[in-house]
Amino acid sequence: MNTPDQRALVRPRTRGTERSAARRAELIAIGRKLFADTSYDALSMDDIARQAHVAKGLIYYYFQSKRGYYLAIVQDSVADLVAFAASGLELPAVERVHRTIDGYLRYAEHHQAAYRTIVSGGVGFDAEVHAIRDGVREAIIATIAEGAYGRGDIPPLARMSLLSWVCGVEGATLDWISRAELSRDTMRDLLVKTLGGALRAVEELAPSYRAPEPARRDA
């Protein structure tokens, strides 16, 4: 049991940790707005500090470098997307798939610079950015697998089909945010249709993994 003196030492440290976490979260929120439509190279640390109304040293204190700051921002914003994809378990499978794809497109639309960084893997081969991208892919695959087959542990054939679809979604989404020729609703419906094709291909090669009724041509 802590003595009063021990508790007196613990409380300030706890409050300091909470304040530090809150300050870090505030800087990430500011960064998400700054980098939403601006590429990594377009903003210097001086620009960031000026627009965030903070001392440059404060950003270095929490994130060590501009790259550390940017990666924290990307990880935080992607975490929202992954959490969104994993939620909605109470919804019917078809509605959940529509919701997940719409959320994915909405993220790409409103965080274009970050989305391009994630999909392209950063500058050269950036292992950390690749890991972020792979995490998003796996979250989308798991969501689709749960909706289509009621399970996430699917065989390699089914996983490869869904991975191919996700990679195609990435390329199509990059083009979509660059051209803005289709509405988000139209783009979502198109991606849902192509997903149906991927699920039917799985069934053709592995009959035990039947495509769900909404994806069947005879439905």
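Here the structure is a predicted model, which means the values were calculated and not measured. (Residues numbered from 1 in each chain as written. Predicted model: local features only at pLDDT ≥ 70, side-chain atom pairs only at ≥ 80, totals over all residues. Heavy atoms only, no water.)

> Explain the overall build of the protein to me, please; I cannot follow it from the model alone.
If you tally the helices and strands in the protein, you get nine helices and zero strands. In the protein, the order of α-helices and β-strands from amino to carboxyl end is α-α-α-α-α-α-α-α-α. In the protein, which comprises 219 residues, the share counted as buried stands at 42%. Considering only intrachain contacts with a sequence separation of at least 6, the fraction spanning at least 24 residues in the protein is 62%. Summed over all atoms, the accessible surface of the protein reaches about 12,100 Å², with 56% contributed by carbon and sulfur. (Helix = DSSP H or I, 4+ residues; strand = E, 2+ residues; numbered from the N terminus. Buried < 20%, exposed > 50% of the residue type's maximum accessible area, 1.4 Å probe, protein only. Contact = heavy atoms within 4.5 Å. Areas by Shrake-Rupley, 256 points an atom, 1.4 Å probe, with all protein chains shown as cover.)

> Which parts of the structure should I look at to understand the pattern of salt bridges?
Side chains that differ in sign of charge can pair as their charged atoms come close. By the definition in use, this model includes 17 salt bridges. Put simply, Arg50 and Asp47 hold a salt bridge, and the shortest N to O gap is 2.7 Å. Placement of both Arg50 and Asp47 in helix H2 (residues 45-52) is noted, with a separation of three residues, approximately one turn of the helix. (Salt bridge = Lys/Arg side-chain N within 4 Å of Asp/Glu carboxyl O.)

> Explanation requested: the side chain of Asp102 in the structure shown.
Examined against the element boundaries, Asp102 turns out to sit in helix H5 (residues 93-110). Looking at Asp102, its side chain comes within polar contact range of the side chain of Arg184, at 3.3 Å. Once residues lying within four places of it in the same chain are set aside, the contact partners of Asp102 are Arg184, Asp185 and Arg188. (Polar contact = N/O pair within 3.5 Å; in protein donor to acceptor, adjacent residues only side chain to side chain.)

> What should I look at first to understand the packing of H5 against helix H7 (residues 127-149) in this one?
How two helices pack is summed up by the angle between their axes together with the distance between the axes. Across the interface, H5 lies against H7 with an axial gap of 9 Å and an inter-helix angle of 160°. As far as their axial angle goes, H7 and H5 are roughly antiparallel. H5 and H7 meet at a crossing whose hand is left-handed. Only Val136, Ile140, Thr143, Ile144, Glu146 and Gly147 of H7 make contact with H5, whose side of the interface consists of Ala93, Arg96, Val97, Thr100 and Tyr104. (Axes fitted to C-alpha atoms, helices over the stretch in contact; angles between N-to-C directions. Parallel < 35°, antiparallel > 145°, perpendicular 65-115°, else oblique. Left-handed = near helix turned anticlockwise from the far one by under 90°.)

> What should I look at first to understand the nonpolar core in this one?
One recurring pattern in soluble globular proteins: nonpolar side chains tend to sit buried together. With 58 residues, the main nonpolar core has Ile48, Ile59, Phe63, Tyr69, Tyr149, Leu162 and Trp165 as its most contacted residues. Among the elements that make up this core, the one with the highest residue count is H7 (nine residues). Setting aside anything within four residues of it in sequence, one finds Tyr149 in contact with Ile154, Ala158, Leu199, Val202, Tyr209 and Arg210. (Core = buried A, V, L, I, M, F, W, Y, C linked by side-chain atoms within 4.5 Å.)

> Looking at this model, I keep getting lost on H7. Mind explaining?
Think of an α-helix as turning once every 3.6 residues; residues three or four places apart then point the same way. With 23 residues, H7 should cover 33 Å at 1.5 Å per step; its first-to-last C-alpha distance of 32 Å lies within 8% of that length. Looking one or two residues beyond H7, the residue adopting positive phi is Gly150, at roughly 75°. (Expected span 1.5 Å × (residues − 1).)

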